[in-house]
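Breakdown of the fold
Listed below are the residues making up each chain.
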Amino acid sequence: MYADRIKNLPPYLFAGIDKAKQEARAKGVDVIDLSVGDPDLPTPDHIVQALKQAANDSSNHQYPSYEGKLAFRNAVADWYKKTFDIDLDPKNEVLTLIGSKEGIAHAPLAFINPGDVALVPDPAYPVYATATAFAGGEPAIMPLLRENGFLPDLDAIPADVARRAKIMFLNYPNNPIGATASEKFFGELVDYARDHNIIIMHDNPYSEIYYDGNRSLSILEIDGAKEVAVEFHSLSKTYNMTGWRIGSVVGNADVLAGIGKVKSNIDSGTFGAVQDAGIVALSSPKEVVDEIRKVYQQRIEILYKALKDIDLVLEKPRATLYLWAWVKGSSIDYAAKLLERTGIVATPGLGFGKYGEGYMRFSITRETKRVEEAARRLEKMKD
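Residues numbered from 1 in each chain as written. Predicted model: local features only at pLDDT ≥ 70, side-chain atom pairs only at ≥ 80, totals over all residues. Heavy atoms only, no water.

Quick word on the overall build of the protein chain
- Counting secondary structure elements, the protein chain contains 13 helices and 12 strands.
- Its C-alpha radius of gyration of 21 Å places the protein chain within 12% of the 21 Å reference for a compact globule of 383 residues.
- Reported as C-alpha extents along the three principal axes, the dimensions of the protein chain are approximately 60 × 55 × 50 Å.
- Counting over 383 residues, the protein chain shows a buried share of 56%. (Helix = DSSP H or I, 4+ residues; strand = E, 2+ residues; numbered from the N terminus. Rg over C-alpha atoms; globule rule 2.2 N^0.38 Å. Buried < 20%, exposed > 50% of the residue type's maximum accessible area, 1.4 Å probe, protein only.)

In structure tokens form, the structure reads like this:
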């Protein structure tokens, strides 16, 4: 009945986690869910009010354009200039997305023929490999190892794989690891992509969730990056707008044109009122994000200390909503033991790929008092 492209898919990671949560709650367990990166903080009120006003505008009740309102694309370009000092032409170097996941999932359809290769990090957000497979391509794994600072070793990519590769997915600050990339690495990456005629697709939704003043980079800050790269961004994590489904992809105009051609045949664009609210979000004073970041930093400190106290191996993340801890064994078994002993749900690293095995991802997207309670319960994991 089903097409091979979905028959061969592994179960989606968070579907299994949801089942475990439901079963525990049915038994009366007070579950603390640290598994999903869905901000618990509300969308700032000035953005909500902007949506309410825009929803009354009848011009937003018709089909939007697939590339997005020029006013929204202008706002994205202005935000990139203000945040990264990058100049973008909003007409052909910015494309509106129905959330960055949608754009990432559609992008390989524009560039991957059956048998082509996409270079995909491991561990990673599962959509990179899934989108490649949907396009008939072959995901070629780039291991992200602790000894390499969780960066791919470009020299270790086999020459025949590099020749066949059409695109490369990367994500810094990284989900699930919380690692960041340096300007030096991004420079080497741009050179590698140019030498091998590869399109870099950099997924950058966590750029503004950084700690201790460690500002995260856009790959487009690197000289020559626009020749080979596009960057996906989202309002989801920066402004707590996961349910609103709005984002953008920026950079190389030819690559954006290809993604846009796919989108124009698949979707009908982003609701105009959400775009209008997105303009207000992107124009927010920096203090709005500073306050959000301050809350997350407090939670990171609490959970980091608790995980260290039970002798897990981890670094304090420089960015993102996650702590990536080595548990020295099966991540599936550890997740089951964690839920049984403490009522805490976290994500087994194996769900992010082969090289995620032995790790757990803990999210901080729960109220601070619940993160504090989780920290107290984690003492039950001491053997």
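Description of the nonpolar core
- Judged by nonpolar contacts, the single largest core of 59 residues is most densely connected at Leu119, Met168, Tyr172, Phe185, Phe186, Leu189 and Tyr239.
- Elements that contribute at least two residues to this core include exactly α3 (45-55), α4 (70-84), β3 (117-122), β4 (138-143), α7 (159-164), β5 (165-170), α8 (183-196) and α10 (272-282).
- When residues in this core are grouped by element, the largest group, seven residues, is from α4.
- Each residue touching Leu119, except ones within four places of it in the same chain, is listed here: Ala140, Met142, Ile157, Val161, Ala165, Ile167, Met168, Phe169 and Ile198.
- If you look at the next biggest cluster of nonpolar residues, it comprises 34 residues, including Ile292, Tyr296, Leu321 and Tyr322. (Core = buried A, V, L, I, M, F, W, Y, C linked by side-chain atoms within 4.5 Å. Contact = heavy atoms within 4.5 Å.)

A word on the pattern of salt bridges
- Going through the model one piece at a time under the given rule, you end up with 25 salt bridges.
- Between Arg299 and Asp40 there is a salt bridge, with its nearest N and O atoms 2.7 Å apart. Within this pair, whereas Arg299 is found in helix α11 (residues 286-309), its partner Asp40 is found in the loop between β1 (32-33) and α3, the two being separated by 259 residues in sequence.
- Looking at Asp40, the relative accessible area reads 27%, which means it is partly exposed.
- With its nearest N and O atoms 2.8 Å apart, the salt bridge here joins Lys81 to Asp85.
- What you see here is one network of salt bridges that share partners, running through Asp30, Arg370, Glu373, Arg376 and Arg377. (Salt bridge = Lys/Arg side-chain N within 4 Å of Asp/Glu carboxyl O.)

Details of the sheet that holds strand β7 (residues 229-234)
- Overall, mixed pairing links the seven strands, which are arranged β2-β8-β7-β6-β5-β3-β4 in an open sheet. The open sheet has two edge strands with one neighbour each: β2 (94-97) and β4. On average, each strand axis in the sheet is tilted by 20° relative to the strand beside it, whichever way the strands run.
- Where β3 and β5 come together, three bridges link them in parallel fashion. Within β5, the position partnered with Leu119 by the bridge is Met168.
- Packed onto the sheet, α4 meets β2, β7 and β8 (247-251) and runs at close to 115° relative to β2. (Pairing = 2+ DSSP bridges. Axes fitted to C-alpha atoms, helices over the stretch in contact; angles between N-to-C directions.)

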